[in-house]
Amino acid sequence: MAAEGGGKEMNEIKTQFTTREGVYKLLTHSEYSRPNRVPFNSQGSNPVKVSFVNVNDQSGNGDRICFNVGRELYFYIYKGVRKAADLSKPIDKRIYKGTQPTCHDFNPLTATAESVSLLVGFSAGQVQLIDPIKKETSKLFNEEINRLTSPSVFFSLSRFVCPSFPQRLIDKTRVTCVRWVPGSESLFLVAHSSGSMYLYNVENTCGTTAPHYQLLKQGENYAVHTCKSKSARNPLLRWTVGEGALNEFAFSPDGKFLACASQDGFLRVFGFDAAELHGTMKSYFGGLLCVCWSPDGRYIVAGGEDDLVTVWSFSDCRVIARGHGHKSWVSVVAFDHCTTSVEDGDPPAEFSGSDEEFHEQVHFGAGRDRANSSHSRLSKRNSTDSRPVSVTYRFGSVGQDTQLCLWDITEDILFPHLPLSRTRTHTNVMGAANNVSNSSSSGNTANSLPSTLPRSNSLPHSSNPGNSIIDSAFIATGVSKFATLSLHDSRKERHEKDHKRNHSMGHISSKSSDKLNQLSSTRTVKADAAKTLGTMLCPRMDEVPLLEPLVCKKIAHERLTVLIFLEDCLVTACQEGFVCTWARPGKGLLSSQNNPANSPSGTVV
């Protein structure tokens, strides 16, 4: 957790932190930003976002990074922990006029050393398809340009983009999230602050008139419409989800399900092909801002304006835990596929050996065989005649409080109704952190998983998730019923004791818990939201386990907007426009360059 002591120590920017794996260190020479390294004045600007892609370069340096800062969009070779960043040589740089980039996403299926497909969403509602390697702009969606303005004129003028006579006929609100549909080279999904999502095909045009829609599917607080047209045009589908903005969505690792985090505070999980609601969850209060899936697709974590992270079981459709560590809104949540682990049998209470030996034994996603073995052991954990296993899911979160938090979900949280196995005792991170002088989603977690994942309550799905949503008939299935959750006093006491033992950290104090329970009474809560409190949609604070973070460190001056877990590092970014690389234990080849005298402006060491 955060360093304890006086206010000065609490406000100190940390450049390293300790977990049971070892020490994570900030590599100041691997920092990416605008070439002048001047902190960006972020007032009134959209959040800084980061996207990665690997182009399979024969030189072995195939990682590419894209990030937006204000009106600017940058595309660099990402050197990670291997070499220092060279900010003087961006592959591509674009400056937009009249609108700002809000989000972006690479298509990993089409990426090569000569060409990449990058989608960019904008504050005025447009979506642009560009190739930053070829420095070309292929198409513009949701903007009908005046016929007097040709595409070549539109994208010239020294890389400045200045829309002329725009008519946004599909949606005029800010793009909040854009993603390629998994497994497809041409389909992508776009969410807007209007609360609508649109499915596009890059091969289709958007037409010169406003689209007309026909209802295809309707359910509780959502509807799906098709676009009525004699010829193929965009959008193919329009989803309206909840009330208010749709802040973020995320596809499951197998691409079959879609989790949506909305401003109305609801997490809604849909079967993507069937457009059928699988389950819902309500925040403790306020809107949900971010969402992510576990690497095996069994759990979803969401964060938002209640300052909490909430863990939701996909198969049981219920909240299984909440985490309290942030002091303000949670902006990003992400699972660490490299640290998530499954252990057979009765492991020893303590582990002795090197960090590398530890990683060799518990590394999740080291290869297809190991991943399949992990999934098999996870499945056996639910059977009555299986040997006990030890399960740990690691995820992280960053927020507007400028803090990075890391969390572990262990088997006593996942399976409270089953006897605990002898699990490894985790290092006391608080004690280790206080002794330290200074204190990367993954880009695509699905890459480290087998192509077929075990899932519960699966909806029927065709062999091609990318195109079946258009070509095949939608399958109507009933909404899954919510499972019941009862925590008896004796079981709750046992859980608190075991959770404290597994993490070597105390359960959150009753005083802090009482303070959290009083938060809802200090704000005006809508009547419909109040009705959900204490139900399966939104359990009360004392009805589910409450987690404390393993690590909680202040790592920036401005609010944090990015958290991505990569194989050898973590990547974070703040609203000042600095993209930081944190080397995993034993991976920091540039750790010797972490010299305070060489620290760039905006980074405190």
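Residues numbered from 1 in each chain as written. Predicted model: local features only at pLDDT ≥ 70, side-chain atom pairs only at ≥ 80, totals over all residues. Heavy atoms only, no water.

### Here we look at the overall build of the chain
Worth spelling out the cut-off: The numbering of helices and of strands both runs from the N terminus, where a helix is a DSSP run of H or I of at least 4 residues and a strand a run of E of at least 2. Buried residues are those whose accessible area, probed at 1.4 Å on protein chains only, stays under 20% of the maximum for their type, while exposed residues exceed 50% and partly exposed ones sit between those limits. Accessible surface is estimated by sampling points in the Shrake-Rupley manner with a 1.4 Å probe; for residues, cover comes only from the protein chains shown.
The helix and strand tally for the chain stands at 10 helices and 34 strands. In the chain, which comprises 605 residues, the share counted as buried stands at 56%. For the chain, the exposed surface amounts to about 24,700 Å²; the carbon and sulfur share of it is 48%.

### Some thoughts on the nonpolar core
Threshold: For the purposes of this section, nonpolar cores are sets of buried Ala, Val, Leu, Ile, Met, Phe, Trp, Tyr and Cys residues that join through side-chain atoms within 4.5 Å. Residues count as neighbours in contact if any of their non-hydrogen atoms are within 4.5 Å of one another.
Among the nonpolar cores identified, the biggest contains 23 residues, and Y32, V50, I65 and F67 are the most heavily contacted of them. Every residue in contact with F67, bar those within four places of it in the chain, is listed here: Y32, S33, R34, K49, V50, E72, L73, Y74, Y76, H104 and V579.

### Describing the pairing of strand β1 (residues 16–19)
Our working definition: In this description, strands pair whenever DSSP reports at least two bridges between them.
Neither face of β1 is open: one carries Q16 and T18, the other F17 and T19, and all of them are buried. Counting the residues that bridge the hairpin from β1 to strand β2 (residues 22–32) gives two residues.

### Here we look at the pattern of salt bridges
Just so we agree on the cut-off: Salt bridge, as applied in this entry: a Lys or Arg side-chain nitrogen positioned within 4 Å of an Asp or Glu carboxyl oxygen.
Evaluated as defined, the whole model comprises 16 salt bridges. With a closest N to O distance of 2.5 Å, R20 and D408 form a salt bridge. On the criterion of sequence distance, the pair formed by R20 in the loop between β1 and β2 and D408 in strand β29 (residues 403–410) is long-range, its members being 388 residues apart. Shared partners join several salt bridges into a network, and the residues in it are R20, E21, R394 and D408.

### A few points about the packing of aromatic side chains
We apply this condition: Each pair of aromatic rings taken from Phe, Tyr and Trp, with Trp reduced to its six-membered ring, is defined by centres within 6.5 Å and is described as stacked if the planes are under 30 degrees apart, edge-to-face if over 60, and tilted in the remaining cases. The criterion is that NZ of a Lys, or CZ of an Arg, lies within 6 Å of the ring centre and within 35 degrees of the ring normal, and then a charge sits over that ring.
Considering all chains together, one arrives at 26 aromatic pairs under this definition. Each ring, one from F141 and one from F188, has its centre 5.2 Å from the other, and the planes form 70°; the classification is edge-to-face. Here F141 is found in strand β10 (residues 136–141), whereas its partner F188 is found in strand β13 (residues 187–192), with 47 residues between them in sequence. Here the aromatic rings of W293 and F314 are separated by 5.7 Å at their centres, their planes lie at 50°, and the arrangement is tilted. Here F314 lies in the loop between β24 (308–313) and β25 (318–324) and W293 lies in strand β22 (residues 288–293), a separation of 21 residues in the sequence. Among the aromatic residues, those joined into a ring-pair cluster are Y32, F52, F67, Y74, Y76 and Y78. Across from the ring centre of Y213, 4.2 Å away, lies the NZ or CZ of R238, which sits over that ring. Its guanidinium or amino end placed over the ring of F266, K282 lies 5.9 Å from that ring's centre, counting from NZ or CZ.

### Some points on the sheet that holds strand β12 (residues 175–180)
Note the threshold: Here, axes are lines fitted to C-alpha atoms. For helices the fit covers the stretch in contact, and angles between N-to-C directions go from 0 to 180 degrees.
Spatially, β12-β13-β14-β17-β16-β15 is the arrangement adopted by the six strands of the open sheet, whose pairing is antiparallel. On the outer flanks of this sheet lie β12 and β15 (212–219), each paired with one strand and no other. Neighbouring strand axes in the sheet, compared pairwise and without regard to direction, differ in orientation by 20° on average. Bridge analysis of β12 against β13 gives five bridges, and the strand direction is antiparallel. Bridge pairing links R179 to L189 in β13.

### A closer look at the sheet that holds strand β23 (residues 299–304)
With mixed pairing, five strands are arranged side by side in an open sheet as β22-β23-β24-β25-β30. Of all strands in the sheet, those bounded by a partner on one side alone are β22 and β30 (546–547). Here six bridges tie β24 to β25, and the two strands are oriented antiparallel to one another. From the neighbouring strand, V311 faces β25, where its bridge partner is A321.

### Considering the confidence of the model for the chain
In plain terms, the rule: pLDDT is defined as a per-residue confidence score from the predictor, taking values between 0 and 100.
Per-residue confidence for the chain gives a mean pLDDT of 75, with 65% of residues at or over 70. Confidence drops under a pLDDT of 50 for residues 1–6, and excluding neighbours within four residues, the segment shows 22 contacts in the predicted structure. This stretch, residues 345–388, has a pLDDT under 50; its non-local contacts, to residues over four places away or in other chains, come to 78 contacts.

### Comments concerning the environment of V301
Counting through the fold element by element, V301 comes out in strand β23. Classification of V301 by relative accessible area gives buried; the value is 0%. In sequence terms V301 and S397 are 96 residues apart; their C-alpha atoms lie 9.7 Å from each other. Other than its neighbours up to four places away in sequence, V301 contacts C290, V291, C292, V309, T310, V311, V333, F335 and F395.

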